[in-house]
Each structure stands twice: as C-alpha cells, then as structure tokens.
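An overview of the molecular structure
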Amino acid sequence: MPEPSIVVDGKLDESVWQQAKRITIHFMTQPTDQGVSDIATEARVFDDGQTLYIGFIAPDPQPEKIRAFYRNRDNIWNDDVVGVKIDPYNNKQLAYQFFANPLGSQADSIENAQTGHETASWDGFWHAAGQFTHEGYVVEMAIPFAVMNFPPQAGLKTWALEFVRFMPRDQRVRLSSARISHANKCWVCQMPAYRGFAQATSSTNAIIAASLVAGRSEQRNVRQQQDWQGENNVELSLDAKWAISPDITLNATLNPDFSQVEADAQQLSVNNPFTLFYAESRPFFTENADYFATPHNLVHTRNISAPNAGAKITGRTGQHTYGFFAADDDSTTLVLPGNLGSDIAVMDTASKNLAARYSFAYNNMISVGAIGTWREAGDYYNGLSGVDANIRLTPKDIVSLQWLYSQSRSAGQMGLRGEALQRYNTEQPFNGQAYRINYQHSERNWRWFGRYDARSKAFRADLGFMPETDWNKFTTGGEYIWHMAADNVINRVRVSGDWDTTHNAAGEFIEEEAEGYAGIFGPLGSYLELGTYQRERVGRRLDNTSLAISGNTERFDEQGLSLFAEVSPGAGMMFFAFWQHGTALDLTNNRLSDQNRIELEGRYSFNRHLELSLRYNQTSMDYQSDRVFTANLTDMRLTYQFSNRSALRLVLLYTDLQRELENYQNMSQQQLNARSRQLNKQLLYSYKLNPQTVFFVGYSDGSLQDDELSRITPSERSAFLKFSYAWQL
C-alpha cells in the first residue's frame with residue numbers, strides 16, 4: 001500500500017481508505033451478550049509503519065438521537081462513542097483503549113486484565129476527528145505506534161483487537177467486532193487476534209517537555225485578623241520520555257510541578273474513621289501506572305507531594321513485564337493504618353521513595369509477579385516485598401493470590417496519636433505480613449465470589465493505600481441477572497448481595513455485615529435499586545491506651561434501607577439520587593443513632609459547549625429524636641468547552657457542618673465547633689494541544705467559618721499560570 005497522506009478530519013475522503021481492511025461491528029455485548037444488531041457499523045483499518053489509522057462509519061436509523069458534546073478528555077461516556085482496544089502482545093494482560101465521540105472528543109485508558117481495573121488517567125499522544133452525516137456519523141483516528149509498547153519483532157505481527165461502538169438510548173448498547181461471553185469476566189481474554197502490521201515500528205525518539213509555572217499565593221490568619229501575607233513563585237521544570245526500545249520506556253522529571261491544577265471532587269469525612277482516597281492525575285505518575293498494579297494498591301503516588309526529581313523505567317519483553325521508579329519528596333506524608341480507624345502523619349523531613357514491580361505471564365491462564373517498595377526519611381523507614389499470582393482455572397473460574405511482608409520503623413517527629421500512638425510509638429523496628437485469596441466463578445447470568453484478606457498487627461504499606469491493618473476479613477457474595485425481551489419496559493432485573501465478617505489478628509470480633517440489593521433496568525437509561533443492610537460492629541475503644549477490642553469496646557447493631565435511582569432522559573442529561581436511612585454508630589459519642597444520607601447529582605448540557613454539573617450530599621444524625629449533626633456538601637462546576645482543546649471552568653465547593661453540641665458528650669463539647677463552613681472557588685482556563693503541551697491560567701480562593709468567626713471569611717487566594725511545551729526529538 002502506498003504511503004498515505006492523511007488529514008485527520010473525520011471525512012475519510014483520501015483514496016487509501018477505499019483499500020483499507022474492513023471490519024464489521026455488530027455483535028451485541030451489552031446489555032446482553034446475545035444477538036446481532038441490525039445496525040452494521042464499519043471500521044476501516046490500515047497503517048503506514050508509524051501510525052495506525054482507523055475510520056469508523058457509524059450509521060443510525062435515527063440520527064437526530066445521536067448524543068455528542070464537546071468534552072474534556074475522558075469525559076465522553078454519556079455520548080455516542082466508537083473506539084478500539086489493542087493488546088499488542090496478545091498475552092491477555094493489558095489492553096490500550098482509544099475512544100472518541102462524533103465530535104472527536106477523546107478518551108483513553110489502559111485496562112489491566114489481571115486486576116480488572118482501568119487507568120483512565122493515562123493520556124496518549126493520538127488524534128481523532130468526527131463528522132455528522134445524514135446517515136449517522138464518521139470518526140477518524142490516527143494512533144502513533146509510539147504511544148504503545150509492543151514486541152520489536154520484524155515482519156508480520158499478531159495483535160489482539162476489539163472494535164467497539166456505544167449507543168446510549170433507552171438502554172446503553174455496546175456493539176463489538178467480536179463475540180464476548182458474559183460468562184468469562186475477562187473481556188480482554190476474548191479479543192480476537194489479527195495478523196498484520198508488518199511495517200509497524202515504535203519510534204525510539206525522545207519527548208522533552210519544559211514547563212513554566214508562575215503565580216502568587218496569599219494567606220492570612222483570620223482568627224487573629226492578620227493582613228494578607230503573600231509570595232510570588234516562579235518555577236521551571238523539565239520532563240523527558242525516551243523509548244529506549246519499542247517495549248522499554250524511560251520517564252524522568254526535574255523540579256516537576258506536581259500541583260493539582262483542577263480541583264479534586266469533594267468528599268464528606270464526618271463520622272468516617274478511615275482516610276479518604278483521592279485518585280492520582282499527575283502525568284509523570286500516571287504514565288504506565290498499570291505496570292505497578294497488584295491486587296492490593298501498593299503504589300499510591302498521591303503519597304508523594306513535592307519531589308525535586310524522579311525517574312521511571314517500564315517495559316515488557318516477551319512474557320516479562322517490569323517497572324521501577326524513584327522519587328524524592330520535600331516532606332513525608334503517611335497513612336497510619338489501624339483496625340478501627342486510620343490517621344495521617346506529616347513529617348517535615350525529606351524522603352526517598354522507590355517501587356519495583358515484575359510479572360511473568362507463563363501463558364494466557366497463569367501469571368505470577370513480585371513487588372517491592374521503600375520509603376525512608378531520617379530515622380523512619382518502611383519496606384515492603386511480596387509475590388502474587390493470577391490463575392484462570394477455566395474461562396469461568398479465576399483465583400487471585402497475594403502475600404506481602406513489611407518492615408517499618410517509626411520516627412520521633414511523626415506526631416502519633418489515637419490508635420496509631422499505641423501501635424507505632426516505638427523506636428524498635430517492627431514487621432508484619434498480609435495475604436489475600438480471591439476466587440470468582442462466573443456464568444452468563446450469575447456470578448459468585450469468595451475472598452479472604454488478612455493483615456497482621458504491624459503490617460504497613462506506606463507507599464500504597466491500605467488504611468486497615470491488624471484486620472482479617474472474609475467476604476462472599478454474588479449476583480443474578482434476568483434478561484427480558486428487548487421490547488419490554490423492564491429489560492433486566494438484577495439481585496445481588498454479600499456477607500462478610502471481620503476480626504483482628506488475635507481473633508477478636510470487629511464487624512459482621514450482610515447486605516442485599518434488587519434492581520430493575522428500565523426506559524430512558526433508568527435504573528432503580530432497593531437495598532437493605534444488617535451490621536453488627538464494635539464501637540471505639542473505651543481505653544485508648546490498649547489495642548484490645550474484646551472487653552474494651554461495646555457492640556452495636558446497625559440496620560437500614562437504601563434507594564438508588566438513575567435516569568438519562570435525553571442527550572446531555574443525567575440525574576441520580578441515593579437515599580439511605582437506618583441506625584448507625586455515632587463514632588464521636590460511641591452510641592447508636594438514627595442516620596439519614598442523601599446524595600443527588602445532575603449534569604445538563606445546554607448545548608454542545610456548555611455543561612452544568614451539580615452534586616449535593618447531606619448526612620444527618622439524630623439521637624433519641626434530637627439532632628446531633630448535619631453535614632452538607634455542594635460541588636458545582638460550570639464548563640464552557642470552546643473546542644476539544646480549550647475550556648473555561650468555574651468550580652464552587654461548599655461544605656457546611658452544624659453540630660448541636662448540647663447533644664454531645666462533655667469532652668466533645670469542649671473540642672468541637674458548633675459550625676464549620678468552607679467555601680472554595682476556582683476559575684480555570686485550559687488549552688491542551690496534547691497531553692504535555694498545555695496552557696493553564698486560573699484564580700482560586702478559600703474562605704472559612706467556625707465558632708470564632710461570625711461569618712465566612714476569605715483566608716487564602718492565589719493566581720497562577722502554567723505553560724508546558726513538548727518537543728519530539
């Protein structure tokens with residue numbers, strides 16, 4: 001085939017498209033795995049040795065119902081979407097995913113078949129464009145081979161690919177180029193192999209990205225009525241990516257800007273004893289993050305806040321997958337785990353952070369791996385090592401195993417308190433073990449699983465996110481789905497449930513829980529689910545100087561009902577509501593109370609450019625009909641997407657916690673505020689030519705109120721800009 005001259009514009013008007021291989025996308029894979037669609041979507045595929053080109057021709061008998069809006073990257077899943085999944089090693093381990101909507105808005109991720117997780121924060125350098133037609137729409141993609149790792153073999157190659165189309169209407173329909181059985185939960189394993197790509201090469205060129213971050217931040221102590229104190233900041237940073245070979249990549253960074261440009265989604269932490277989880281979104285860490293994935297989250301890089309330098313090597317050679325990274329940090333942030341709660345410790349001491357991962361795919365059914373992590377800051381250290389295995393006994397039966405060993409030493413400046421003070425207040429090193437066994441059996445309409453998770457008294461995984469330790473939990477459960485006729489008002493019925501029991505390493509009881517759910521899928525993309533739970537659990541320790549649970553806690557019986565509803569009545573509209581009412585443990589006062597939770601969320605697109613997203617959460621608790629607290633969270637985001645590359649976003653985050661202190665115990669009345677409010681605002685303009693050539697400019701401020709302040713008062717503000725430009729050498 002002659003070397004093409006392609007303009008990625010969504011038109012497929014170059015002559016080379018007429019010679020491309022044609023693949024039909026018509027097998028039904030959701031909501032059922034039975035049947036063939038009357039709508040035959042076509043994918044046309046060819047490559048020039050450097051780039052894989054795919055053209056999707058997506059007819060629709062009702063083109064006026066096609067859903068498409070200009071979206072920020074990875075935010076297209078309520079739209080009509082087409083795309084491809086690629087496993088260039090054809091070993092059923094990982095799959096690159098590339099999707100686009102009819103306007104060319106993109107989404108990409110890496111799917112890990114072993115863990116079942118997808119890393120949507122991965123962003124590749126590729127292009128897409130779309131066009132509406134009288135019959136439907138067309139999408140054109142250009143995916144450079146350099147964005148993927150693959151074996152450097154000459155000549156014909158065998159890759160696994162699946163071509164996919166999503167059609168959100170009354171039901172969310174997923175069509176595929178392959179037959180996918182729901183009885184086999186590994187969909188990557190069912191992707192068909194294609195032989196070709198004889199000239200495909202992955203460039204060994206380097207990408208250098210230089211960044212400039214400038215801004216001014218100001219703060220003041222509003223309780224002491226201080227004047228604003230501020231400082232200007234200008235930082236230069238450098239990131240490099242070098243494809244040492246087609247299947248080995250080196251990433252390095254110097255003086256990186258690891259600030260969060262866009263605000264995290266807010267969460268309510270009241271009456272929650274364990275540390276909240278926040279996802280990673282910084283490019284250096286998200287690049288090939290799946291190479292470090294295991295059944296447990298052992299490499300959670302949000303623990304590293306302000307490094308001066310970092311390096312990472314990732315690669316796959318034959319059946320071997322490996323990764324290594326190292327980064328320093330100006331401070332050290334730790335999640336200190338426990339069995340009744342966890343805590344956060346922050347030390348001013350700089351730290352060193354290392355992680356290494358290796359896995360070996362013996363065949364398509366068996367893979368084994370090993371991992372090691374290390375953190376060190378002055379007298380403190382935590383080292384972890386472990387092995388794991390994933391075994392597909394049959395296409396329907398999967399066993400996952402993991403064993404871990406940790407060694408730790410505390411430091412005097414960690415500021416330990418509560419449960420962590422009793423566990424880790426020692427200058428002597430301590431060690432611990434953890435293991436996990438998970439089994440799952442799947443059929444087309446049902447599945448069953450059993451899992452046992454054990455962590456010894458002193459086990460720690462400080463580079464990861466494992467906030468529970470001294471904690472053994474057995475869980476079993478399953479689900480069954482009835483598929484109705486396609487023209488039924490109710491198209492599916494789902495029932496599910498699980499039971500679990502938790503003890504500490506000494507066998508002392510912590511919790512036993514049973515929960516069940518029944519849901520129906522109906523018109524307008526709707527889902528309605530009724531749930532119930534019954535839980536027996538222990539309260540807080542009566543004597544905080546002892547880690548004992550038996551004889552040192554009280555037991556409480558929690559029970560309640562929940563209702564979840566979701567509907568997507570039209571293009572650009574999505575609403576869901578969650579309500580839960582029942583008895584729950586008031587952790588502050590260590591007593592059983594009545595709890596009510598409400599979560600509401602809606603997204604509405606006024607046109608193809610302007611979208612409003614609004615989320616409201618409320619949790620309230622009453623004791624003997626008297627209000628204890630009411631916690632409210634409002635998260636409002638208004639986005640004007642000028643194009644797929646540029647957007648303007650206004651974010652308002654508001655939390656309001658009101659306590660009726662007269663209904664608290666005496667000690668708590670002296671320590672808590674009757675009212676705590678926070679209001680954070682951000683206005684951000686972004687332009688993204690590609691994942692590393694970006695421009696941001698924004699302003700943000702924060703205000704607070706407590707019992708010492710009569711009104712909500714500004715306490716911090718900042719203005720900033722960031723410019724990053726990437727060169728391919």
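About the cut-offs
- Residues numbered from 1 in each chain as written.
- Predicted model: local features only at pLDDT ≥ 70, side-chain atom pairs only at ≥ 80, totals over all residues.
- Heavy atoms only, no water.
- Helix = DSSP H or I, 4+ residues; strand = E, 2+ residues; numbered from the N terminus.
- Rg over C-alpha atoms; globule rule 2.2 N^0.38 Å.
- Buried < 20%, exposed > 50% of the residue type's maximum accessible area, 1.4 Å probe, protein only.
- Contact = heavy atoms within 4.5 Å.
- Areas by Shrake-Rupley, 256 points an atom, 1.4 Å probe, with all protein chains shown as cover.
- Lys, Arg positive; Asp, Glu negative; His and termini not counted.
- Charge placed at Lys NZ, Arg CZ, Asp CG, Glu CD.
- Core = buried A, V, L, I, M, F, W, Y, C linked by side-chain atoms within 4.5 Å.
- Pairing = 2+ DSSP bridges.
- Disulfide = S-S within 2.5 Å.
- Salt bridge = Lys/Arg side-chain N within 4 Å of Asp/Glu carboxyl O.
- Phe/Tyr/Trp six-rings, centres within 6.5 Å; stacked < 30°, edge-to-face > 60°.
- Polar contact = N/O pair within 3.5 Å; in protein donor to acceptor, adjacent residues only side chain to side chain.

Bringing the overall build of the protein into the picture now. Looking only at helices and strands, the protein has 4 helices and 38 strands in total. The globule rule puts the C-alpha radius of gyration for 729 residues at 27 Å, and the 27 Å found for the protein is close to it. Principal-axis analysis of the C-alpha atoms gives the protein an extent of 80 × 60 × 50 Å. For the protein, the residues scored as buried account for 52% of the 729 residues in total. Counting contacts in the protein only where the partners sit at least 6 residues apart, residues at least 24 apart contribute 60% of the total. Roughly 32000 Å² of accessible area belongs to the protein as shown, and the carbon and sulfur atoms make up 53% of that amount. Positive and negative side-chain charges of the protein, numbering 66 and 83 respectively, have mean locations separated by a distance of 3 Å.

This part covers the nonpolar core. In this structure, I54, F98, I143 and F163 are the most contacted members of the largest nonpolar core, which totals 57 residues. With near-sequence residues (within four places) excluded, F163 lies in contact with I23, I25, A43, V45, I54, F56, G83, V84, L175, S176, S177 and Y194. One finds M347, Y380, M414 and A458 within the second-largest nonpolar core, a separate group that totals 13 residues.

Right, let's talk about the pairing of strand β26 (residues 471-483) for a bit. Judged from the 10 bridges that link them, strand β25 (residues 446-455) and β26 form a sheet pairing that is antiparallel. Its bridge partner being in β26, Y452 is matched across the sheet by F474. Pairing between β26 and strand β27 (residues 492-503): 12 bridges, direction antiparallel. From the neighbouring strand, I481 faces β27, where its bridge partner is R494.

A word on the state of the cysteines. Within this structure, the stated rule accounts for 1 disulfide. Put simply, C186 and C189 are joined by a disulfide, and their sulfur atoms are 2.0 Å apart. Here the disulfide of C186 and C189 is right-handed, its torsion about the S-S bond being about 80 degrees. Accessibility expressed as a relative area gives 4% for C186, which makes it buried.

With that out of the way, let us pick up the environment of A518. Mapping A518 onto the fold places it in strand β28 (residues 509-522). Note: C-alpha distance between A518 and D343 (175 residues apart in sequence) is 36 Å.

Time to look at the environment of T502. Here T502 shows up in strand β27. Counting along the chain gives 352 residues from T502 to F150, while the straight-line C-alpha distance between them is 43 Å. Not counting residues up to four positions away in its chain, the partners in contact with T502 are W471, N472, K473, E508, F509, I510 and E511.

The next thing to look at is the pattern of salt bridges. All told, the structure shown has 40 salt bridges when counted by the stated rule. The partner of R637 in a salt bridge is D635, and the shortest N-O contact between them spans 2.8 Å. Classification of R637 as buried rests on a relative accessible area of 15%. Judged by its relative accessible area of 4%, D635 is buried. Where salt bridges share partners, they join D60, D80, R165 and R169 into one cluster.

Attention shifts here to the packing of aromatic side chains. Summed over the entire model, instances satisfying the criterion amount to 32 aromatic pairs. The interplanar angle of 55 degrees and the centroid separation of 5.6 Å between the aromatic rings of Y96 and W122 together place this pair among those described as tilted. Of this pair, Y96 sits in strand β5 (residues 94-100) while W122 sits in the loop between β7 (118-119) and β8 (127-132), and the two are 26 residues apart along the sequence. Y96 gets classed as buried once you look at its relative accessible area, which sits at 3%. Owing to a relative accessible area of 2%, W122 belongs among the buried residues under this scheme. Taking the centre distance of 5.6 Å and the plane angle of 25 degrees together, the rings of Y424 and F430 count as stacked. The buried category is assigned to F430, whose relative accessible area is 12%.

Our next topic: the side chain of D397. Structurally, the position occupied by D397 is in strand β23 (residues 397-409). K396 is the oppositely charged side chain nearest to the buried, salt-bridge-free D397, at an N-O distance of 7.6 Å. Polar contacts involving the side chain of D397 include one to the side chain of Y439, which spans 2.3 Å. For D397, the residues in contact, after removing those within four places along its chain, are I391, R392, Y439, Q440 and H441.

Tracing the backbone through its elements, the reader meets T349 in the loop between β19 (343-347) and β20 (351-361). Sequence separation between T349 and A548 is 199 residues, and the spatial gap between their C-alpha atoms is 32 Å. If sequence neighbours within four positions are ignored, T349 has contacts with D330, S331, T332, A377, G378 and Q413. Side-chain polar atoms of T349 contact the side chain of Q413, separated by 2.9 Å.

Before going further, it helps to spend a moment on the pairing of strand β37 (residues 693-705). The two faces of a sheet get side chains in turn, since along a regular strand they alternate between them. When you tally the buried positions in β37, you get 10 out of 13 residues, the bulk of the element. The sheet contact formed by strand β36 (residues 675-690) and β37 spans 13 bridges and is antiparallel. Bridged to R677 within β37 is Q705. Between β36 and β37, which pair antiparallel one after the other, the connecting turn spans 2 residues. With 11 bridges joining them, β37 and strand β38 (residues 713-728) adopt antiparallel strand pairing. Residue Y699 lies in a different strand from β38, and its bridge partner there is A719.

The omega torsion of the bond from Q30 to P31 falls at 5 degrees, within 30 degrees of zero and hence cis. Locating P31 in the fold gives a position in the loop between β1 (21-30) and β2 (36-47). With a phi angle near 50 degrees, N90 is a residue other than glycine that sits in the positive phi range. Tracing the backbone through its elements, the reader meets N90 in the loop between β4 (81-87) and β5. Although it is not a glycine, L524 sits at a positive phi angle of roughly 60 degrees.

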